[in-house]
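As a plain string of letters, each chain reads:
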Amino acid sequence: MESQTKSTIKEIAIQVLKDEAQAVENLCAFIGPEFERAAEMLLQCEGRVVVTGIGKAGHIGRKLAATLASTGTHALFVSAAEAAHGDLGMMKDGDVVIALSHSGASDEVVHILPVIHDIGAHLIAITSKPESPLAKAASVVLLTGVEKEADPRGLAPTSSAVAMLALGDALAMAVSVARGFTREDFLRFHPGGALGKLKIVNGRSK
């Protein structure tokens, strides 16, 4: 590999990391009343939290559902594509649906919005577009503020995906602490792996 090519690879990598880090830092400006409303909706939810999305946003949504479930919130992930083919039956009146879409206009997500409303579930949107179909259909909108991807071509979901991931983590952790979910509770849900090997002694891990 030529030296110039190596330099270019390093420069691109560093710039991507800087752009993604900036996208996460910018989220702080969007943590306000809407975020608090979203947290309250999850805390007061008498059903389950159903996370949905498609593509890269769907992958982020799957991780969000797993994080919520492991930190005290009954949650599951339903692919927006599969939802339109019967998996909407996993949702019910009283559930809270969190839909992720950077554009807020993903066909698969937009297609199921009227049904989510008819079911009686409450909708939280995570998107970068406040005027999108998803945002307009939601009771609460959590904006990421991402206008430009870290991808040098401006196409691959990079900054948008990282911002959704970080915002989802922030929401899950805020709700978990407000719920009173303890370290002991967390470890009880993780009997396997390295976490499962931790033993609680007098309320502390060893």
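Just so we're clear, the structure is a prediction, and the values are computed from it rather than from any experiment. (Residues numbered from 1 in each chain as written. Predicted model: local features only at pLDDT ≥ 70, side-chain atom pairs only at ≥ 80, totals over all residues. Heavy atoms only, no water.)

A.B. asks: How do you make sense of the environment of Ala138 when you look at a structure like this?
C.D. replies: Take Ala138: it is sitting in the loop between helix H6 (133–137) and strand S5 (140–143). Classification of Ala138 by relative accessible area gives buried; the value is 15%. Dropping the residues within four chain positions of it, Ala138 is found in contact with Leu123, Ile124 and Ala125. (Helix = DSSP H or I, 4+ residues; strand = E, 2+ residues; numbered from the N terminus. Buried < 20%, exposed > 50% of the residue type's maximum accessible area, 1.4 Å probe, protein only. Contact = heavy atoms within 4.5 Å.)

A.B. asks: Explanation requested: the pattern of salt bridges in the structure shown.
C.D. replies: It is possible for side chains of opposite charge to pair when their charged atoms get near one another. Scanning all chains against the criterion turns up five salt bridges. For the salt bridge of Lys92 with Asp95, the shortest nitrogen-to-oxygen distance reads 3.8 Å. A salt bridge links Asp185 to Arg188; its shortest N-O distance comes to 3.2 Å. Here the residue Asp185 and the residue Arg188 both occupy positions in helix H8 (residues 183–188), the gap between them amounting to three residues, near one helical turn. Look at Arg188 and you get exposed, because its relative accessible area is 54%. (Salt bridge = Lys/Arg side-chain N within 4 Å of Asp/Glu carboxyl O.)

A.B. asks: What am I meant to see in the pairing of strand S2 (residues 75–79) here?
C.D. replies: Side-chain positions along a regular strand alternate between the two faces of the sheet. With five of its five residues buried, S2 lies for the most part within the structure. Judged by which residues are buried, S2 turns out to be covered on both faces: Ala75, Phe77 and Ser79 on one side and Leu76 and Val78 on the other are all buried. A crossover connection joins strand S1 (residues 49–53) to the parallel S2 through helix H3 (residues 55–70); in handedness this β-α-β unit is right-handed. (Right-handed = clockwise from strand over helix to strand, strands pointing away.)

A.B. asks: How should I be thinking about the pairing of strand S4 (residues 122–127) in this particular structure?
C.D. replies: Here S4 lies mainly inside the structure; five of its six residues are buried. Pairing between strand S3 (residues 96–100) and S4: five bridges, direction parallel. Along S4, the bridge assignment pairs Leu100 with Ile126. Since S3 and S4 lie parallel, the crossover through helix H5 (residues 107–119) that links them has a hand, and here it is right-handed. Looking at chain direction, S4 and S5 are connected through four bridges and run parallel. For Ala125, the partnering residue across the bridge sits in S5 and is Val141. (Pairing = 2+ DSSP bridges.)

A.B. asks: When you look at the packing of aromatic side chains in this model, what are you seeing that I'm missing?
C.D. replies: One pair of aromatic rings is described through two measures. These are the centre distance and the angle between the planes. In this structure the tally under the stated criterion is one aromatic pair. For the pair Phe181 and Phe189, a centre-to-centre distance of 5.6 Å together with 40° between the ring planes defines the contact as tilted. Looking at Phe181, the relative accessible area reads 17%, which means it is buried. (Phe/Tyr/Trp six-rings, centres within 6.5 Å; stacked < 30°, edge-to-face > 60°.)

A.B. asks: For this particular structure, what's the right way to read the side chain of Thr158?
C.D. replies: In this structure, Thr158 sits in the loop between S5 and helix H7 (159–179). Apart from residues lying up to four places away in sequence, Thr158 is in contact with Glu20, Glu149, Ala150 and Asp151.

Everything listed here is a matter of coordinates, which is why it stays silent on function.
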